[in-house]
Amino acid sequence: MPETTLLLSEEVREALDARRPVVALESTIIAHGLPRPRNLAVAEELESLVRSEGAVPATIAVLDGQAHAGLDKGQLERIATDPEVRKLGHRDLAPALASGASGATTVSATAFLAARAGIRVFATGGLGGVHREWTASQDESADLRLLARTRITVVCAGVKSILDVPATLQRLETLGVGVLGYGTDRFPGFYLASSGEPVDWTVRTPEEVADVMRAQDALGGPDTALIVAQPVPEGEQLDPRLHDQVLAEALDECQERGITGQAVTPFLLDHLTRRTKGASLEANLAAVRGNVRLAARIAGAL
Ligand code: PSU
Ligand code: MN
């Protein structure tokens with residue numbers, strides 16, 4: 001892909017050329033997953049966390065029809081504050097580029113662009129997945145299919161607990177996406193340290209993750225993502241009873257108000273933040289911070 005189609009910041013390009021560690025960060029969590037004005041502070045904090053671990057952050061987004069990996073301060077500010085910024089999955093990238101639109105990239109679009117830039121490690125909060133009531137809505141995040149054909153390591157706190165977690169794990173198995181529990185044999189539950197579901201593989205250090213990535217490369221595949229699922233620390237998780245109660249209300253309200261498509265996930269996240277008086281937001285942030293740090297260490301170990 002020509003460099004002008006996906007513009008790397010100078011810092012990101014130099015780091016990649018010198019084979020120094022780079023961590024891709026998504027922008028949808030900033031534009032559509034977190035309340036304003038806190039989102040801008042978080043975006044800046046995540047970048048500095050990556051730096052403090054000795055890696056270069058590459059926040060990915062589309063601005064005025066131009067895809068970027070690595071944003072300057074003003075560009076990050078636009079993503080966090082401009083209400084015109086759309087939510088872009090990977091299928092939206094070509095229309096956004098052609099029409100000059102601006103948008104924040106979801107896990108699917110971020111992983112797609114990061115892999116094209118040659119970035120191997122990506123950190124986020126929770127992946128998209130199979131929504132509850134899938135039989136009625138057929139709502140499965142495009143994240144899953146894209147991760148099934150992109151060789152990138154994604155550090156996350158599992159999939160968002162608003163989803164059908166067992167169904168999502170089943171889909172990941174079908175799609176051949178590797179899942180490693182980081183320091184746990186349970187799949188994390190995003191706001192909760194555990195979803196209760198088992199994982200088949202457990203790793204305990206960034207070096208062990210890097211070993212798995214090297215083995216994948218030595219084998220020449222599979223060309224799928226490797227998910228490193230790190231739980232939010234138990235002391236920082238959302239109270240599980242509050243979580244279950246508020247989530248049930250949020251799902252009901254989503255259905256009553258007829259919210260569909262791309263709007264579902266931001267609606268549910270926002271609803272939970274309001275109904276838990278910010279506690280779900282704190283748990284979400286604790287998870288993301290941990291993931292960003294771990295991603296930087298994995299990129300370093302590689
Ligand atoms: N993780 C978070 N907050 C978010 C998301 C992930 O902690 O807002 C975003 C990611 O960008 C993910 C998207 O790709 O939610 C999933 O949206 P959908 O279910 O519409 O595919
Ligand atoms: Mn969806």
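Residues numbered from 1 in each chain as written. Chains lettered and ligands numbered in written order. Predicted model: local features only at pLDDT ≥ 70, side-chain atom pairs only at ≥ 80, totals over all residues. Heavy atoms only, no water.

Asks: Pulling in residues and values, what's your account of the overall build of the protein chain?
Replies: Looking only at helices and strands, one finds 13 helices and eleven strands in the protein chain. A compact globule built from 302 residues should have a C-alpha radius of gyration of about 19 Å, and the protein chain, at 18 Å, falls within 12% of that. Taking the principal axes of its C-alpha atoms as reference, the protein chain extends roughly 50 × 40 × 35 Å. The contacts in the protein chain between residues at least 6 apart in sequence include a share of 73% that link residues at least 24 apart. Carbon together with sulfur atoms contributes 49% to the accessible area of the protein chain, which is approximately 13100 Å² in total. The positive charge centre, built from 30 side chains, and the negative charge centre, built from 40, are 1 Å apart in the protein chain. (Helix = DSSP H or I, 4+ residues; strand = E, 2+ residues; numbered from the N terminus. Rg over C-alpha atoms; globule rule 2.2 N^0.38 Å. Contact = heavy atoms within 4.5 Å. Areas by Shrake-Rupley, 256 points an atom, 1.4 Å probe, with all protein chains shown as cover. Lys, Arg positive; Asp, Glu negative; His and termini not counted. Charge placed at Lys NZ, Arg CZ, Asp CG, Glu CD.)

Asks: An account of the packing of helix H3 (residues 38-52) against helix H13 (residues 279-301) is requested, with residue identities and associated values reported.
Replies: Running from amino to carboxyl end, H3 crosses H13 at an angle of 25°, the nearest separation of the two axes being 8 Å. What the angle tells us is that H3 and H13 run roughly parallel. Crossing angle aside, the handedness with which H3 passes H13 is right-handed. On H13, the residues touching Arg-38, Val-42, Glu-45, Leu-46, Leu-49 and Val-50 of H3 are Leu-281, Glu-282, Leu-285, Val-288, Arg-289, Val-292, Arg-293 and Ala-296. Considering only residue class, the contact of H3 with H13 consists of nine nonpolar, no polar and five charged. (Axes fitted to C-alpha atoms, helices over the stretch in contact; angles between N-to-C directions. Parallel < 35°, antiparallel > 145°, perpendicular 65-115°, else oblique. Left-handed = near helix turned anticlockwise from the far one by under 90°. Nonpolar A, V, L, I, M, F, W, Y, C, P; charged D, E, K, R; others polar.)

Asks: Explain helix H6 (residues 107-117) to me, using residue names and the numbers behind them.
Replies: By the criterion of burial, H6 is predominantly enclosed, with eight of the eleven residues buried. The set of residues buried in H6 consists of Val-107, Ser-108, Ala-109, Thr-110, Ala-111, Leu-113, Ala-114 and Ala-117. Looking one or two residues past H6, Gly-118 carries a phi angle of roughly 90°, positive in sign. (Buried < 20%, exposed > 50% of the residue type's maximum accessible area, 1.4 Å probe, protein only.)

Asks: Go over the environment of Leu-272, please, and point to the residues and values.
Replies: For Leu-272, the position within the fold is in helix H12 (residues 264-275). For Leu-272, a relative accessible area of 1% puts it in the buried group. Along the sequence, Leu-272 and Ile-162 sit 110 residues apart, while their C-alpha atoms lie 9.6 Å from each other. Ignoring anything within four residues of it in the chain, the contact list for Leu-272 reads Tyr-191, Val-246, Leu-247, Ala-250 and Ser-280.

Asks: An account of the site of ligand 1 is needed here, citing residue identities and associated values.
Replies: Close to ligand 1 lie 18 residues; Glu-26, Lys-87, Ser-141, Asp-143 and Thr-265 are nearest. Between ligand 1 and Lys-87, the relevant distance is 2.8 Å, taken from an oxygen atom to a side-chain nitrogen or oxygen of the residue. Contact between ligand 1 and Lys-160: an oxygen atom at 2.9 Å from a side-chain N or O atom of the residue. Protein chains bury 94% of the 480 Å² of accessible surface belonging to ligand 1 in isolation. Within the residue set of the shell around ligand 1, elements represented by two or more residues are helix H2 (28-32) and H12. Broken down by class, the residue content of the shell around ligand 1 amounts to four nonpolar, ten polar and four charged. (Near = heavy atom within 4 Å. Polar contact = N/O pair within 3.5 Å; in protein donor to acceptor, adjacent residues only side chain to side chain.)

Asks: Give me the packing of aromatic side chains: which residues, what numbers.
Replies: Across all of its chains, the model carries one aromatic pair by this definition. Here the aromatic rings of Phe-190 and Tyr-191 are separated by 4.5 Å at their centres, their planes lie at 55°, and the arrangement is tilted. (Phe/Tyr/Trp six-rings, centres within 6.5 Å; stacked < 30°, edge-to-face > 60°.)

Asks: Help me get a handle on the side chain of Lys-87, residues and values and all.
Replies: Relative to the assigned elements, Lys-87 resides in strand S5 (residues 86-88). Lacking a salt bridge, the buried Lys-87 has Asp-143 as its closest oppositely charged neighbour, with an N-O distance of 8.0 Å. Separated by 2.9 Å, the side chain of Lys-87 and the backbone oxygen of Gln-262 make a polar contact. (Salt bridge = Lys/Arg side-chain N within 4 Å of Asp/Glu carboxyl O.)

Asks: Which residues make up unusual backbone geometry, and what are the values?
Replies: In this structure, the amide linkage connecting Arg-36 to the following residue, Pro-37, adopts the cis form with an omega of 0°. Summarising the element assignment, Pro-37 is placed in the loop between H2 and H3. A cis amide bond links Gly-221 to the next residue, Pro-222, at an omega of 0°. For Pro-222, the position within the fold is in the loop between helix H10 (206-219) and strand S11 (226-229). At Phe-190, a position not held by glycine, the phi torsion is positive, near 60°. Topologically, Phe-190 is positioned in the loop between strand S9 (178-182) and strand S10 (201-203). Owing to a relative accessible area of 3%, Phe-190 belongs among the buried residues under this scheme. With a phi close to 50°, Lys-277 is a non-glycine residue in the positive phi region. Locating Lys-277 in the fold gives a position in the loop between H12 and H13.

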